[in-house]
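These are the residues of each chain, in order.
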Amino acid sequence: MGKVRSAVQCSRKSKRKHCLTAKQKRYLKLKRGLDFGMSLGACVVLSPALLALSAAIKLDSRGPVLFKQKRVGIHKTYFSIYKFRTMRIDTPKDTPTHLLADPDQYITRMGHFLRRSSLDELPQLFNILKGDMSFVGPRPALWNQYDLVAEREKYGANDVPPGLTGWAQINGRDELEIPVKAKLDGQYVKRMGFWFDVRCFLGTFHAVANADGVVEGGTGRMKRMKRRRKR
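None of these values were measured; they are calculated from a predicted model. (Residues numbered from 1 in each chain as written. Predicted model: local features only at pLDDT ≥ 70, side-chain atom pairs only at ≥ 80, totals over all residues. Heavy atoms only, no water.)

(A) Up close: the pattern of salt bridges. One pass over the full model with this rule turns up nine salt bridges. The shortest N-O distance in the salt bridge between Arg109 and Asp60 comes to 3.2 Å. One end of the pair, Arg109, is in helix 3 (residues 109-117); the other, Asp60, is in helix 2 (residues 47-60), with 49 residues separating them in the sequence. For Arg109, a relative accessible area of 67% gives the class exposed. For Glu153, the salt bridge goes to Lys76, with nearest N and O atoms at 3.5 Å. Of this pair, Glu153 sits in helix 5 (residues 146-153) while Lys76 sits in the loop between strand 1 (66-72) and strand 2 (78-84), placing them 77 residues apart in sequence. Owing to a relative accessible area of 24%, Glu153 belongs among the partly exposed residues under this scheme. Residue classification places Lys76 among the partly exposed positions, given a relative accessible area of 42%. (Salt bridge = Lys/Arg side-chain N within 4 Å of Asp/Glu carboxyl O. Helix = DSSP H or I, 4+ residues; strand = E, 2+ residues; numbered from the N terminus. Buried < 20%, exposed > 50% of the residue type's maximum accessible area, 1.4 Å probe, protein only.)

In structure tokens:
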């Protein structure tokens, strides 16, 4: 029913700040069952919307409907994440959108709507169904985001399934610097459980509705936004 494996054991000499408890390890098995059932149901219920969005993307710009990208999964394994394509096919590969100097020149008209509404993430229901991901967990890092993966290792955040949404996603998203994002992922690992997952899942609706933490203008715009907030 998926690729979720047992979390690594933490010895007394471990340098990690958080280690999964026996209760959390049992919860991971329940979590996988919930993920499978919910993703299967969501794929069926949302199939008309998925088809409509696919048609709109195809009509809007040249290229495939889906975008696949190599990401880091549980235990630092790799998998291909699925998204609706929101950018032109000549966009530089393996570069986060907020790190592009001028991302607006690459984002399609339909892409702006999909990204702002987070509907571009809907195909990840199939990743969850396959067992690559969970509904809630640390967002999967790009394969070349070695600094983020290394920071997460300190908190054991590489040894839980990556999520469609998570604690860091509803507390800053693109605006977060890597040490802060990894620390929030560590907080998720420490508090991981059914009710905390529910809290993260429900908090996502508020974050999406307000487009919290969405930054498309590169790191320069991120810094300018922070300066304005301090004034």
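From this point, things continue past the structure.
(B) Here's a closer look at the packing of aromatic side chains. This structure, assessed with the given rule, holds six aromatic pairs. Between Phe194 and Trp195 the ring centres are 5.0 Å apart and the planes differ by 80 degrees, which places this aromatic pair in the edge-to-face class. According to the relative accessible area criterion, Trp195 is exposed, its value standing at 66%. Summarising the aromatic geometry, the rings of Phe201 and Phe205 are spaced 5.5 Å apart at their centres and angled 85 degrees between planes, so their arrangement reads as edge-to-face. Highlighted residues: Phe201 and Phe205, both in helix 7 (residues 194-209), separated by four residues, approximately one helical turn. Take Phe205: its relative accessible area is 53%, and that puts it in the exposed class. (Phe/Tyr/Trp six-rings, centres within 6.5 Å; stacked < 30°, edge-to-face > 60°.)

(C) Here's a closer look at the packing of helix 5 against helix 6 (residues 178-191). Axis separation between helix 5 and helix 6 bottoms out at 9 Å; the angle between their running directions is 40 degrees. With respect to helix 6, the element helix 5 is oriented oblique. Once helix 5 is placed against helix 6, the crossing between them reads as right-handed. Contacts from Asp147, Leu148, Glu151 and Arg152 in helix 5 reach Ile178, Pro179, Lys181, Ala182 and Asp185 in helix 6. Its residues assigned to classes, the contact of helix 5 with helix 6 comprises four nonpolar, no polar and five charged. (Axes fitted to C-alpha atoms, helices over the stretch in contact; angles between N-to-C directions. Parallel < 35°, antiparallel > 145°, perpendicular 65-115°, else oblique. Left-handed = near helix turned anticlockwise from the far one by under 90°. Contact = heavy atoms within 4.5 Å. Nonpolar A, V, L, I, M, F, W, Y, C, P; charged D, E, K, R; others polar.)

(D) Examining unusual backbone geometry more closely. Its identity as a non-glycine residue notwithstanding, His75 has a phi of 55 degrees, on the positive side. Structurally, the position occupied by His75 is in the loop between strand 1 and strand 2. The phi dihedral of Ser118 falls on the positive side, at around 65 degrees, and the residue is not glycine. Position of Ser118 relative to the elements: it lies in the loop between helix 3 and helix 4 (124-130). Using a relative accessible area of 15% as the deciding quantity, one classes Ser118 as buried.

(E) View of the confidence of the model for the protein. Residues of the protein with pLDDT of at least 70 account for 83%, and the chain-wide mean is 85. Across residues 4-9 the pLDDT falls below 50, and counting only partners more than four positions away or on other chains, this stretch makes 16 contacts in the model. Counting interchain partners and residues more than four positions distant, the pLDDT-below-50 stretch residues 217-231 has 20 contacts. (pLDDT = per-residue confidence, 0-100.)

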